[in-house]
Every structure is written in C-alpha cells, then in structure tokens.
Amino acid sequence: FTPSPNKIENILEFKIHEGNRFRIDSIIYNGFETIDKELENSINSLKFVKKNYYFDELQIYQEVKNINKFLKDNGYLYSTYSQPKVEIDTENYTDKVIIDFNPGKRYKINRIDFIDSSAKNQPPIAFEMKRMQLEFKVGDWASEKAINNTKDNLLSLGTFEIVAIDTSSRFSPQKDSLLNIIVFLLYRKEQEFNFGLSLNQTRIDNLVNFGIETSYRHRNIFNAAQEFSPYANVYLKDLGTVFSNQNYEFEMQLGFKFAQPLLWVIDNSRVAFLTSLNYSYRMFNNYFKISSFNLPVSFPIKFPKITYFNRASIDFNFLREDPV
C-alpha cells in the first residue's frame, strides 16, 4: 500500500499466488441414512458436481442448497446442513468435500386453522375463499414451498396486511411426525372514503380551473375478498366563464370498479376477474358535447411458478361514444 509519487492518491496492490488447480476426488454426504428411501433417486438427481470436476465453491454450495430445499419441500421442514469441509491432497491436487446434513424428522400436516384479526369487528373473508388459497392440505408432507406460495396467494387478495403461517399446539397438541398449522391473518381497513378538491391555474392562458372528486372503497363487499369502488369527479375549466354564464368547458365522470381476485382454479392456474363501468360527459363551449360509456372486462391468469410464462390475461373492452 503505497502513495503515488505524482498524484495525491494511494495505490493498493494485491499480489496473488494462484497455486495449482485442484480437482474433486469425491463429495460425501453424511446424515442421509434416516431419509426415506423413496427420496433417494430424487436426491441423487440433484447432485451435479461430479468427480474430476475442478473445485468450484459456488457450484458445491448450489448443489447443497438444492438438496436442502428439496428436503424442506418433502416433509423435512427443519432440515439443516453444516459448512462443507474440504480435505486437501497436495500430492495429487485433489479435494474431498464432506457435508454433514441434519434432516430431522419427516412431518405431515395434521390440522390447519385460521386466525382472523381485524379492527372494529369487520366480517372475515369466507372460509372457502381462504381455503382455496392454500397450496397444502391435511395429510400432505410439510413443504416450505407450499407455505410460501400460500402466503403469496393470501396477500394477493389485497385484503390482508400481514399473513403469517407457523406450527402451533394452540388448538390441538402436536403429535410425533405430525404438525398443526396456524394461518394468522391481519386484515387491512375494510372501507375507505376519499374526498378531494383541486384548484389550479394553467401557465399558458392563465385560466383558473376547479375540480372535485370523491370515491369509496370496500375490500370485502361480499365476504370473498371482492373489491368494489364507486367514484365520481367533476372538472370545470376557466371559472371566470362559469360565473359570467359564458361558454365554458365542463367534464364529469361516474363509474365503479369491481375485482374478484380468485374466480376459478384451473389446473393449478388461478383466474381472477376485473371490470369497471365508466360514464363520462364533456361539454365544450355549450355547442359540442360528448357522452361515452366504457366497459372493460378482464380475466387475469396466474400460472404456477414452474411454468415458463408467469401471467396471461384475456381482455374485452366495450366502448360507446355519442357526440352531439
């Protein structure tokens, strides 16, 4: 680490001795003796680091993580592993890698309970709608992936602020190799009302404009996470002409939005439903008027994460304009 003779700066120099390149002699996994034999072939298929491969720490860690993830998704929910140990053969330039696994017990799901937490005793979402968000059921092997996917499904409804899934003996004692699952749901505020006024002046023509808008939002109107939101707004351009009863520009919008976050489940794909109805009326200088109706209908589709495409949408749009 030396100062530069010509500039006010420091020079940091690294000297690296690479040494010889080592190959892998073997990778030994300890702790798999207690794992069910039915998973043996699947675990072996995840082992992609072979003998005589050049030692690559990232590849080894990736293989270990893949195996641990597979175990966590197939009943061994509390599986862990230790830091890989490397025994170096300096004569043959080979490495022997040893990984100690502690898969623990294999668990099945014994019971599933929901706990709803909301302010002001607002009604909870219907049980069947909550059940449809689950990616596991009683009798399944416990799966970290299924638990995380269930959290995503519940949060995507837009009704919950927090979703937590954990094991508990609150409603039933835990049994050997059986887990009781609790799904805790903290609800967002069910209803919102908004009202706003706007007053501004355009830069070019210095016109003073006025607007008023209001909206209402219900996040669980039919107790199945449906969202309903009517709205209305009025906009007046150039207040001076309005008060003097001269020609002025006026715009009004009325409508509503409706969303059903889960309409169908088709082969593990989740289909939602969105629509809105909008009526607008515009008047220009008392001699030209346009009224229009707009009705978009959409069916967003969310595919399972294992597919190449994540999402798709089928959309229809109906529009009618009536100029006078």
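What you see is a predicted model; the values in this text were computed from it and never measured.

Engineer: What exactly am I supposed to notice about the packing of aromatic side chains here?
Structural biologist: A full pass over the atoms with the stated rule returns 17 aromatic pairs. The interplanar angle of 50° and the centroid separation of 5.4 Å between the aromatic rings of Phe273 and Phe299 together place this pair among those described as tilted. Residue Phe273 is found in strand β14 (residues 269–284), and its partner Phe299 is found in strand β15 (residues 288–302); the two are separated by 26 residues along the sequence. The exposure classification of Phe273 matches that of Phe299, with both residues buried. When the ring centre of Tyr54 is taken as origin, the NZ or CZ atom of Arg21, which lies over that ring, is 3.5 Å away.

Engineer: Any chance you could explain the environment of Phe1 here in plain terms?
Structural biologist: Looking at where Phe1 falls in the secondary structure, it is placed in the segment before β1 (2–3). In the structure, Phe1 is positioned 58 residues away from Gln59 in sequence and 34 Å away in space, judged by C-alpha atoms. When sequence neighbours within four positions are dropped, the list of residues in contact with Phe1 reads Asn10, Ile11 and Leu12.

Engineer: Looking at this structure, I do not really get the pattern of salt bridges. What am I missing?
Structural biologist: Pairing between side chains of opposite charge can happen when the charged atoms of each approach one another. Enumeration over the complete set of coordinates arrives at 15 salt bridges. Salt-bridge contacts for Asp100 lead to Lys85; the nearest nitrogen and oxygen are separated by 3.2 Å. Note that Asp100 is positioned in strand β6 (residues 94–102) and Lys85 in strand β5 (residues 85–89), a separation of 15 residues in sequence. Accessibility expressed as a relative area gives 25% for Asp100, which makes it partly exposed. Residue Lys85 is classed as partly exposed on the basis of its relative accessible area, which comes to 44%. For Asp140, the salt bridge identified is with Lys137, shortest N-O distance 3.2 Å. Judged by relative accessible area, Asp140 falls into the partly exposed class, the value being 22%. On the basis of relative accessibility, which here comes to 53%, the residue Lys137 falls in the exposed class.

What counts as what
- Residues numbered from 1 in each chain as written.
- Predicted model: local features only at pLDDT ≥ 70, side-chain atom pairs only at ≥ 80, totals over all residues.
- Heavy atoms only, no water.
- Phe/Tyr/Trp six-rings, centres within 6.5 Å; stacked < 30°, edge-to-face > 60°.
- Helix = DSSP H or I, 4+ residues; strand = E, 2+ residues; numbered from the N terminus.
- Buried < 20%, exposed > 50% of the residue type's maximum accessible area, 1.4 Å probe, protein only.
- Lys NZ or Arg CZ within 6 Å of the ring centre and 35° of its normal.
- Contact = heavy atoms within 4.5 Å.
- Salt bridge = Lys/Arg side-chain N within 4 Å of Asp/Glu carboxyl O.

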